[in-house]
Amino acid sequence: MTAHSGRGIWMRVISLIAIGFGLLTIREGGAVLFYDGAARAAAGSYVPFVLWFNFLAGFVYIVAGIGLWIRRRWAAWVAIVITVATALVFLAFGVHVYLGGAWERRTVIAMTLRTLVWAGIATIAWHRSATNAPVAREH
């Protein structure tokens, strides 16, 4: 196995993680947002802005995953934006909790997981895209 094929494997792995994470996020968020019943009851005291952010971000996760799969440099930037946006929503959630808003422990766990997963994806994507960047030539 060459070094180049090793890089390709990592990009494939993180792209599949991103796409899978996106599909699960859309499914779970959509179940709570659009259907009454077990999913909404299980969600408990969910925070609407966090739920809407995560649901909509799921679509961006898929776009990022596709970009990573086809090795587009912009996908690394999308992963960075997802990471920063997720961290900011997590911070806003923290303010919501601090101000006495209702919340669920699973939201803390989910947002921690999302932030860490996307920080990992962004780091790997950035490193791999920088490693594969064309060398600038002087004229």
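Residues numbered from 1 in each chain as written. Predicted model: local features only at pLDDT ≥ 70, side-chain atom pairs only at ≥ 80, totals over all residues. Heavy atoms only, no water.

Student: Any chance you could explain the pattern of salt bridges here in plain terms?
Tutor: Pairing between side chains of opposite charge can happen when the charged atoms of each approach one another. In the structure shown here, the tally under the stated rule is 1 salt bridge. The closest approach of N and O atoms between Arg-27 and Glu-28, which form a salt bridge, is 2.7 Å. Here Glu-28 falls in the partly exposed class, since its relative accessible area comes to 42%. (Salt bridge = Lys/Arg side-chain N within 4 Å of Asp/Glu carboxyl O. Buried < 20%, exposed > 50% of the residue type's maximum accessible area, 1.4 Å probe, protein only.)

Student: Can you help me understand the packing of helix α3 (residues 48-69) against helix α4 (residues 73-98) in this one?
Tutor: For any two helices packed against each other, the geometry comes down to the angle between their axes and how far apart the axes lie. Look at α3 against α4: their axes get within 9 Å of each other, and the N-to-C directions meet at 165°. Here α3 lies roughly antiparallel to α4, going by the angle between them. The two elements α3 and α4 cross, and the hand of that crossing is left-handed. Where α3 abuts α4, its residues Phe-49, Val-50, Phe-53, Val-60, Tyr-61, Val-63, Ala-64, Gly-67 and Leu-68 lie against Trp-74, Ala-75, Ala-76, Val-78, Ile-82, Ala-85, Thr-86, Val-89, Ala-92, Phe-93 and His-96. Its residues assigned to classes, the contact of α3 with α4 comprises 17 nonpolar, 3 polar and no charged. (Axes fitted to C-alpha atoms, helices over the stretch in contact; angles between N-to-C directions. Helix = DSSP H or I, 4+ residues; strand = E, 2+ residues; numbered from the N terminus. Parallel < 35°, antiparallel > 145°, perpendicular 65-115°, else oblique. Left-handed = near helix turned anticlockwise from the far one by under 90°. Contact = heavy atoms within 4.5 Å. Nonpolar A, V, L, I, M, F, W, Y, C, P; charged D, E, K, R; others polar.)

Student: So what exactly am I meant to see when it comes to the side chain of Ser-15 here?
Tutor: When you line up the elements, Ser-15 lands in helix α1 (residues 3-34). Residue classification places Ser-15 among the buried residues on the basis of a relative accessible area of 0%. Apart from the residues within four sequence positions on either side, Ser-15 is in contact with Gly-65, Leu-68 and Trp-69.

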